[in-house]
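# Secondary and tertiary structure notes
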Amino acid sequence: MEYIDLRSDTVTQPTPEMREAMAEAEVGDDVYRDDPTVNRLEELAAGMLGKEAALFVPSGTMGNLIALLVHCQRGEEVIVGNQSHIYLNEAGGMSALGGIQPCPVQNQADGTLAPEDILASIRTEDVHHPITRLVCLENTQNICGGVPLTSAYTRQVGDLAHGKDLFLHIDGARIFNAAVAQNVSVRELVQPADSVMFCLSKGLAAPLGSMLAGTNKFIVRARHIRKMLGGGMRQVGVVAAAGIISLEKMTKRLAEDHARAKKMADGLRQVRGLIVDAGSPYTNMVYLNLSEDVAVNAQQIAEKMKNSGVLVDPENAKRFRLVTHYWIDDNAVEKTVSAFAKSLNYHPPH
Ligand SMILES: Cc1ncc(COP(=O)(O)O)c(C=O)c1O
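Scope of this entry: the structure provided in the associated data block.

Reading guide: rules and limits
- Residues numbered from 1 in each chain as written.
- Predicted model: local features only at pLDDT ≥ 70, side-chain atom pairs only at ≥ 80, totals over all residues.
- Heavy atoms only, no water.
- Helix = DSSP H or I, 4+ residues; strand = E, 2+ residues; numbered from the N terminus.
- Expected span 1.5 Å × (residues − 1).
- Buried < 20%, exposed > 50% of the residue type's maximum accessible area, 1.4 Å probe, protein only.
- Contact = heavy atoms within 4.5 Å.
- Pairing = 2+ DSSP bridges.
- Right-handed = clockwise from strand over helix to strand, strands pointing away.
- Near = heavy atom within 4 Å.
- Polar contact = N/O pair within 3.5 Å; in protein donor to acceptor, adjacent residues only side chain to side chain.
- Areas by Shrake-Rupley, 256 points an atom, 1.4 Å probe, with all protein chains shown as cover.
- Axes fitted to C-alpha atoms, helices over the stretch in contact; angles between N-to-C directions.
- Parallel < 35°, antiparallel > 145°, perpendicular 65-115°, else oblique.
- Left-handed = near helix turned anticlockwise from the far one by under 90°.
- Nonpolar A, V, L, I, M, F, W, Y, C, P; charged D, E, K, R; others polar.
- Patch = residues over 30% accessible without salt bridge, like charges linked within 9 Å, V, L, I, M, F, W, Y side chains within 5 Å.
- Salt bridge = Lys/Arg side-chain N within 4 Å of Asp/Glu carboxyl O.

Here the focus is helix 12 (residues 254–269). The end-to-end C-alpha distance of helix 12, which contains 16 residues, comes to 23 Å, matching closely the 22 Å that a straight helix rising 1.5 Å per residue would cover. Within the sequence span of helix 12, burial applies to Leu 254, Asp 257, His 258, Arg 260, Ala 261, Met 264, Ala 265, Gly 267 and Leu 268. Tucked inside the fold, the buried residues of helix 12 contact helix 8 (175–182), strand 9 (274–276), strand 10 (285–290), strand 13 (319–323) and helix 14 (330–343).

Below, the discussion takes up the pairing of strand 5 (residues 131–138). Here strand 5 lies mainly inside the structure; six of its eight residues are buried. Direction of pairing for strand 5 relative to strand 6 (residues 167–171): parallel, over a ladder of five bridges. By the bridge assignment for strand 6, Leu 137 is matched with Ile 170. Once you follow strand 5 into helix 7 (residues 151–163) and on to strand 6, the crossover reads as right-handed.

What surrounds the ligand is a group of 13 residues, the closest being Gly 60, Thr 61, Asp 171, Arg 174 and Lys 202. Gly 60 is positioned such that a nitrogen or oxygen atom in its backbone is 2.8 Å from an oxygen atom of the ligand. Lys 202 places a side-chain nitrogen or oxygen 3.0 Å from an oxygen atom of the ligand. In the complex, the protein chains occlude 84% of the 390 Å² of accessible area that the ligand would expose alone.

Its location among the elements puts Arg 223 in helix 10 (residues 216–228). Once you skip the residues sitting within four places of it in the chain, Arg 223 turns out to touch Arg 33, Glu 42, Ala 54 and Leu 55.

This part is about the sheet that holds strand 8 (residues 210–214). Taken in spatial order, the seven strands line up as 2-8-7-6-5-3-4 in an open sheet, and their pairing is mixed. For this open sheet the edge positions go to strand 2 (53–57) and strand 4 (101–105), each flanked by a neighbour on one side alone. Adjacent strand axes in the sheet meet at a mean angle of 20 degrees when their direction is disregarded. With four bridges joining them, strand 3 (residues 76–81) and strand 5 adopt parallel strand pairing. Bridged to Glu 76 within strand 5 is Ile 131. Against the sheet, helix 10 contacts strand 2, strand 7 (195–199) and strand 8, and its axis sits at roughly 20 degrees relative to strand 2.

All right, on to the packing of helix 13 (residues 298–307) against helix 14 then. Viewed as axis vectors pointing N to C, helix 13 and helix 14 meet at an angle of 125 degrees, and their least axial separation amounts to 9 Å. Put simply, helix 13 runs oblique to helix 14. The handedness of the crossing between helix 13 and helix 14 is right-handed. Here Ile 301, Lys 304 and Met 305 of helix 13 lie close against helix 14, whose contacting residues are Thr 336, Ala 339, Phe 340 and Ser 343. Partitioned by chemical class, the residues of the contact of helix 13 with helix 14 number four nonpolar, two polar and one charged.

Attention now goes to the side chain of Ser 280. Among the secondary structure elements, Ser 280 is positioned in the loop between strand 9 and strand 10. In terms of polar contacts, Ser 280 uses its side chain to reach the backbone amide nitrogen of Tyr 287, at 3.1 Å. Those residues within four positions of Ser 280 in sequence are excluded, and the remaining contacts are Ala 265, Arg 269, Met 285, Val 286 and Tyr 287.

A surface patch of nonpolar side chains, about 230 Å² in accessible area, is lined by Tyr 87, Leu 88 and Ile 143. Locating Tyr 87 in the fold gives a position in helix 4 (residues 85–88). For Tyr 87, a relative accessible area of 32% corresponds to the partly exposed category.

Right, let's get into the pairing of strand 13. The element strand 13 is largely enclosed, with a buried count of five among its five residues. The alternating pattern of strand 13 places Arg 319, Arg 321 and Val 323 and Phe 320 and Leu 322 on opposite faces, both of which are buried. Of the strand pairs in this sheet, strand 10 and strand 13 are connected by five bridges, and their pairing is antiparallel. For Asn 289, the partnering residue across the bridge sits in strand 13 and is Arg 319. A loop of four residues connects strand 12 (residues 313–314) with strand 13, the two strands running antiparallel in sequence.

Take the packing of helix 2 (residues 36–49) against helix 11 (residues 237–248) next. Contact geometry for helix 2 and helix 11: axes closest at 8 Å, N-to-C directions at 30 degrees. On the basis of their axis angle, the class for helix 2 and helix 11 is roughly parallel. Between helix 2 and helix 11 lies a crossing whose hand is left-handed. Mapping the contact onto sequence places Thr 37, Val 38, Arg 40, Leu 41, Leu 44, Ala 45 and Met 48 in helix 2 and Gly 237, Ala 240, Ala 241, Gly 243, Ile 244, Leu 247 and Glu 248 in helix 11. Here the contact of helix 2 with helix 11 is built from residues that sort into nine nonpolar, three polar and two charged.

Right, dumping it as structure tokens:
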């Protein structure tokens, strides 16, 4: 059975055009900087982000970790959202591998960290304290609803961080979704950041890979640390070829995913037993809960949905996140709404 897979945008298969480009890619040993396709991808990414240089890395997790290892020394501290991917979902890499300590700050409902909370979390000079070195933002903020952060807010945090001699890193796994949703350029959104990571392997549909961007000096150091972590890849132009299509073509179609998420949310709002979050979706993620009077839990609904050909991943006993992407078309949106209605025994009025 071909499933409608809404568990994440990481499930995206490469497009037929990507597979062709991958088969035909010109390659070389990238550790020697000999891979023309990787070199092109890195130049393209740096240009689109308005940064001096970029580095191809195997995953978003490695990209974030490299950034933290470049910016921070052992025993230093990073201000992160308490709902951020870096804090919650990167296996504690910063502390396990870098001796870096996270300082979690509450994410507001709109995905931001309140500037006053950031300020209050910066350590004073004291022999007892770790040294605060870095602030991390996540754009779009996944757990807060796939909500995009604005360029004005990012500039405010950038000014605040730089005014206190701190660096700013953006986990921009879905930064192109953030840009499209707000009709601004990615370049503007990341301008205040000293480093940015974004993923090719999510809504941009490449089979794997992320980009890390910053100054030339930052990327020289990042390349060294990537090698240290075992991320120096060889004829990886076969993958970078898909990444070039991600940047040149897939970034231009993300509004379709946002429109379909909206259509899906509108449909699900009509189904008794479901409560779609107010304001959802902001980008390509629909967040919803089962209402109190639904007797079954989200896992049981997910099993029923699977029997109807739709894969969804419960967040907890009551909550779902549904993610639209390249392989979710209008028909899939309709089928998803029907499958939810069926799994809740709801028959819409004719
Ligand atoms: C916001 C965010 N940052 C970073 C990552 C890490 O990316 P990867 O799965 O490529 O390691 C993810 C992955 O889902 C993410 O959602």
